[in-house]
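Overview (structure and organization)
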Amino acid sequence: MTIRVGVFSAKSYDESIFAPMSEHYDVSFRFLPMALDAQTAHLCSDYDAVCVFVNDDISRPIIDALHQCGVRHIALRCAGFNNIDLQAAKDHGIAVSRVPAYGPEAVAEHAIALMLTLNRKIHKAYNRVKEGNFELSGLMGFTLHNKTAGIIGTGRIGAATARILSGFGCKVMCYDPYPDDELIQAGIGYVPLDTLLETSHIISLHCPLSEDTYHLINHDTIAQMRDGVMLINTSRGGLIDTSAVIQGLKSRKIGYLGLDVYEMESELFFKDHSEQIIDDDVFERLATFHNVIITGHQGFFTQEALSQIATTTLENLRDFNKGKPDPSRFLSG
Ligand code: NAD
């Protein structure tokens with residue numbers, strides 16, 4: 001039986017990758033540009049499953065509405081699952097699947113891109129040279145070799161970032177409640193969080209957003225950091241208290257900030273606001289700093305990663321339909 005799937009927050013690139021693969025899995029997709037939210041959740045009675053992304057609203061009221069529509073499976077086409085009320089899904093017997101791994105190097109490489117761009121001021125150099133300005137003043141960076149890089153969270157992406165930084169000749173130190181034996185064997189050590197915060201020239205966040213990690217970076221943890229630290233977040237916006245980081249930038253404590261995620265990103269990211277007035281004053285303040293680079297949640301956005309996301313999502317839809325969900329990819333059901 002063909003599985004009918006409503007794909008929310010669908011972009012043309014999603015359609016171009018998912019659509020050609022669907023017939024091999026007996027899945028019929030309807031690509032919907034709008035987000036799943038209170039307005040759209042009750043329109044799902046034509047679907048057996050919904051396929052959602054990082055900023056779709058999958059809170060309890062939305063899951064209640066999906067249940068009333070007869071939806072039996074919520075397929076996340078991402079790794080993080082901080083935006084879903086898993087208990088609500090369990091209460092209604094709705095299965096929840098995700099894509100735990102789809103090329104962690106894609107996100108790790110983006111974290112490195114933010115580090116290198118911030119450090120060597122490639123964005124400024126690009127504009128200067130375009131305008132015929134070859135002046136170097138203001139473009140001085142620092143040599144990564146021998147600098148200390150702290151990785152918070154050494155799952156798939158954090159470990160990939162640690163390996164790349166190790167290749168640059170950085171002294172890499174990690175913090176994770178569950179250390180990775182392979183990293184230890186590769187000579188990459190673990191330290192308490194306090195030591196990492198106090199010692200690192202660069203701190204890169206790779207742990208999931210949870211009640212424990214919400215605002216992990218706050219006034220107190222920023223105070224522990226080295227003066228002029230570089231802070232990189234490609235994980236989830238809620239790991240950082242944005243107001244505290246703005247204070248840290250103003251006091252010069254934070255010397256560089258690279259973000260691919262932002263705690264209020266659902267209002268902004270993945271949409272073109274270039275002809276609108278942006279109401280988010282916190283975001284606008286962040287964007288004014290010369291030593292801040294923000295990208296709009298594009299760490300995952302490589303051809304290889306997107307293909308893997310589509311393959312795993314289709315496998316999840318097929319496996320659930322056949323009654324054989326892979327426990328490593330199903331959070332409920
Ligand atoms: P993962 O599950 O493989 O690894 C997460 C690691 O964080 C685990 O080793 C875990 O033990 C550790 N951790 C948990 N709590 C911690 C804490 N309090 N302090 C330190 N470490 C802690 O996940 P992953 O695939 O490496 O992804 C990491 C995060 O990256 C995801 O949760 C997701 O939010 C984010 N992500 C972002 C993008 C993007 O496009 N920017 C893409 C994919 C994933």
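Model, not experiment: these values are computed from the prediction. (Residues numbered from 1 in each chain as written. Predicted model: local features only at pLDDT ≥ 70, side-chain atom pairs only at ≥ 80, totals over all residues. Heavy atoms only, no water.)

1. Focus: the domain arrangement of the protein
In terms of domains, the protein is made up of domain 1 (3-102 + 302-332) and domain 2 (104-294). The C-alpha centroid of domain 2 is placed 30 Å from the C-alpha centroid of domain 1. Taken together, the 12 residues of domain 1 in the interface contact 9 residues of domain 2. A buried area of about 920 Å², summed over both sides, lies between domain 1 and domain 2, and 56% of it is on carbon and sulfur atoms. For the pair domain 1 and domain 2, the number of links is 0 salt bridges. Connecting domain 1 to domain 2 are 3 residue pairs in polar contact (both at pLDDT 80 or more). (Domains from an automatic or database assignment. Contact = heavy atoms within 4.5 Å. Buried area = accessible area lost by both parts, 1.4 Å probe. Salt bridge = Lys/Arg side-chain N within 4 Å of Asp/Glu carboxyl O. Polar contact = N/O pair within 3.5 Å; in protein donor to acceptor, adjacent residues only side chain to side chain.)

2. Thoughts on unusual backbone geometry
In this model, Asn146 sits at a positive phi of 75 degrees, which is unusual for a non-glycine residue. Mapped onto the elements of the fold, Asn146 is located in the loop between helix 5 (122-130) and strand 6 (148-152). The phi angle at Arg252 is positive, at roughly 70 degrees, despite the residue not being glycine. Tracing the chain through its elements places Arg252 in the loop between helix 10 (242-250) and strand 11 (254-259). (Helix = DSSP H or I, 4+ residues; strand = E, 2+ residues; numbered from the N terminus.)

3. Looking at the pairing of strand 2 (residues 27-31)
Of the two faces of strand 2, only one is covered, namely that formed by Val27, Phe29 and Phe31; the face formed by Ser28 and Arg30 stays uncovered. Relative to strand 2, strand 1 (residues 3-7) runs parallel, the two being bridged by 5 bridges. Along strand 2, the bridge assignment pairs Ile3 with Val27. (Buried < 20%, exposed > 50% of the residue type's maximum accessible area, 1.4 Å probe, protein only. Pairing = 2+ DSSP bridges.)

4. Describing the side chain of Thr148
You can see Thr148 is positioned in strand 6. Note on Thr148: relative accessible area 7%, which makes it buried. Excluding its chain neighbours within four sequence positions, the residues that come into contact with Thr148 are Lys171, Met173, Thr199, Ser200, His201 and Ile202.

5. With respect to the packing of helix 10 against helix 11 (residues 281-288)
At their nearest, the axes of helix 10 and helix 11 sit 11 Å apart, and the two run at 30 degrees to each other. Considering the angle they form, helix 10 stands roughly parallel to helix 11. Taken as a pair, helix 10 and helix 11 cross one another with a handedness that is left-handed. In contact with Thr242, Val245, Ile246, Leu249 and Lys250 of helix 10, helix 11 contributes Val282, Arg285 and Leu286. (Axes fitted to C-alpha atoms, helices over the stretch in contact; angles between N-to-C directions. Parallel < 35°, antiparallel > 145°, perpendicular 65-115°, else oblique. Left-handed = near helix turned anticlockwise from the far one by under 90°.)

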